[in-house]
Amino acid sequence: MKPANEIKILLVEDERVAYRSIMRMLESHGYTCVGATSLADAKNRLRNSAQDLVISDITLPDGNGLDLLKEVRNYLIDTPFVMITASEKKGLIQEAIRLGANDFLTKPFHLDNLPTIVERNLIRNKINHLHNRQQKVSVLIRTIQALIAALEAKDSYTSGHSMRVARHARLVGEALHLSDDDLFTLELSALLHDIGKIGMPDSILNKTSSLEEMEYKTAKEHPVVGSRIVGKIEELRKVSANIRHHHERFDGNGYPDGLAGEAIPLFARILSIVDAYESIVSARSYHAPQSTEKALCELEKNSGTQFDPELVAIFTKLMRSDDTRRVPRLQIENELADDDIKEV
Ligand SMILES: [Fe+2]
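Since we're looking at a predicted model, the values are computed, not measured.

Draft legend 1. Structural detail: the coordination of the iron ion. For the iron ion, the full set of protein donor atoms is D194 (OD), H222 (NE2), H246 (NE2) and H247 (NE2), at a range of 2.1 to 2.3 Å. Positions of the donor residues of the iron ion, expressed as sequence spacing, correspond to D-x27-H-x23-H-H. Remark: H222 occurs in helix α10 (residues 222–231) and D194 occurs in the loop between α7 (180–191) and α8 (202–205); sequence separation between them is 28 residues. Each member of the pair, D194 as well as H222, carries the same accessibility label: buried.

Rendered as structure tokens:
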């Protein structure tokens, strides 16, 4: 949680004595406080600066705390709201609960309880925030899984291809000491790299003979189609560019944009290598699976022309070393495993 001095609390109280004592108590615990003595003043302060917590009296000179609570819940859904109220006003308390008040400070109050009330609401809010984030990640991952399953259902030869490409991409990413966030982006880019093929006719996708000119033109559209699909999902914006460029060549003769060298995003350069490797060692409608060594030699043959030579050197070294069989587990697999445990 943030240090106390970075936590901003809005106190809305028109009774001078109560205002001073609450403010003094909050500031003695290090919180950064702003005060308001009316509903209009409080609304104004909320519009000008985000607050981590609001403490408001239910009775204000120009309205009441319930109106403020309604306003807060309109656009600051998660901000904890503590209502100061008199114990005899049961009906108002129930109304405040219905409107989303999180806690109450009942007059006459013992100010000693205030720090605990503040802290438990900040902690509860933090837990809710983490839970919501986890749920978002979970939905995102299951959506990705469904997209990959839909793609692979079109072509039995590519079953498991995205997952294997992702594992090898992660292997290279770990060798480059990428951060966890970047590794996850690389992993998602690999899982979704061919998602644009989802709209490709089966007659082209599964064709065993070489493609006609028009068919080849259609097939070459999949990086652009894929990056457009993924680009619509805000959380996957970084992934979109890697998908668009995974068929660029280091010498500039690839597609769709003919980018060359380091103008091609690093993750797209990694994908192009591990995608080619995985295609060579797997059975395809147009070829039988080849050995690991043959695939690595093929990458080396095209190093500097099709592929980034430094990345080819890293990947081939990794694949020829003894511990390459230790293919890394994907973060997406961990997230799904965590989800399954929670669902039991
Ligand atoms: Fe592709």
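Draft legend 2. Representation of the packing of helix α1 (residues 16–28) against helix α5 (residues 114–154). At a minimum axis separation of 10 Å, α1 and α5 run at an interaxial angle of 60°. As the angle between them shows, α1 and α5 are arranged oblique. Of the two elements, α1 crosses α5, and the hand of that crossing is right-handed. Together, I22, M25 and L26 of α1 and L114, P115 and V118 of α5 make up the contact between the two elements. When the residues that make up the contact of α1 with α5 are grouped by side-chain class, the tally is 6 nonpolar, no polar and no charged.

Draft legend 3. A look at unusual backbone geometry. In this structure, P108 follows K107 across a cis peptide bond, with omega equal to -5°. Relative to the elements of secondary structure, P108 occurs in the loop between β7 (103–107) and α5. Omega for the bond connecting Y255 with P256 falls within 30 degrees of zero, at 10°, which places this linkage in the cis form. Its location among the elements puts P256 in the loop between α11 (237–244) and α12 (266–281). Residue H177 is not a glycine yet carries a positive backbone phi of 55°. Turning to its location among the elements, H177 is positioned in the loop between α6 (161–175) and α7. Residue H177 is classed as exposed on the basis of its relative accessible area of 71%.

Draft legend 4. Looking closely at the pairing of strand β1 (residues 8–12). Along β1, 4 of the 5 residues are buried, which leaves the element largely enclosed by surrounding structure. Here β1 pairs with strand β2 (residues 32–36) via 5 bridges, running parallel. The partner of V12 across the bridge, within β2, is A36. With α1 bridging β1 and its parallel neighbour β2, the resulting β-α-β unit is right-handed. Here β1 pairs with strand β3 (residues 53–57) via 4 bridges, running parallel. Paired with I9 across the two strands is L53, which belongs to β3.

Draft legend 5. Spatial organisation of the domain arrangement of the protein chain. As far as domains go, the protein chain holds domain 1 (4–127) and domain 2 (155–343). For domain 1 versus domain 2, the separation of C-alpha centres amounts to 52 Å.

Draft legend 6. Spatial organisation of the packing of aromatic side chains. Counted according to the given criterion, the structure contains 1 aromatic pair. Between Y277 and F315 the ring centres are 5.2 Å apart and the planes differ by 80°, which places this aromatic pair in the edge-to-face class. Taken together, the residues Y277 in helix α12 and F315 in helix α14 (residues 309–320) connect sequence positions 38 residues apart. Accessibility expressed as a relative area gives 0% for F315, which makes it buried.

Draft legend 7. Representation of the pairing of strand β6 (residues 81–86). Across the 6 residues that make up β6, a large majority, 6, are buried. The alternating pattern of β6 places F81, M83 and T85 and V82, I84 and A86 on opposite faces, both of which are buried. Inspection of the sheet shows β3 paired to β6 by 4 bridges, in the parallel sense. Directly across from S56, in β6, lies its bridge partner M83.

Draft legend 8. Representation of α11. Considered for burial, the residues of α11 that qualify are V239, S240, N242 and I243. Against α7, α10 and α12 lie the buried residues of α11.

Basis of the calculations
- Residues numbered from 1 in each chain as written.
- Predicted model: local features only at pLDDT ≥ 70, side-chain atom pairs only at ≥ 80, totals over all residues.
- Heavy atoms only, no water.
- Donors = N, O, S within 2.8 Å, 3.2 Å for Na, K, Ca; no water.
- Helix = DSSP H or I, 4+ residues; strand = E, 2+ residues; numbered from the N terminus.
- Buried < 20%, exposed > 50% of the residue type's maximum accessible area, 1.4 Å probe, protein only.
- Axes fitted to C-alpha atoms, helices over the stretch in contact; angles between N-to-C directions.
- Parallel < 35°, antiparallel > 145°, perpendicular 65-115°, else oblique.
- Left-handed = near helix turned anticlockwise from the far one by under 90°.
- Contact = heavy atoms within 4.5 Å.
- Nonpolar A, V, L, I, M, F, W, Y, C, P; charged D, E, K, R; others polar.
- Pairing = 2+ DSSP bridges.
- Right-handed = clockwise from strand over helix to strand, strands pointing away.
- Domains from an automatic or database assignment.
- Phe/Tyr/Trp six-rings, centres within 6.5 Å; stacked < 30°, edge-to-face > 60°.

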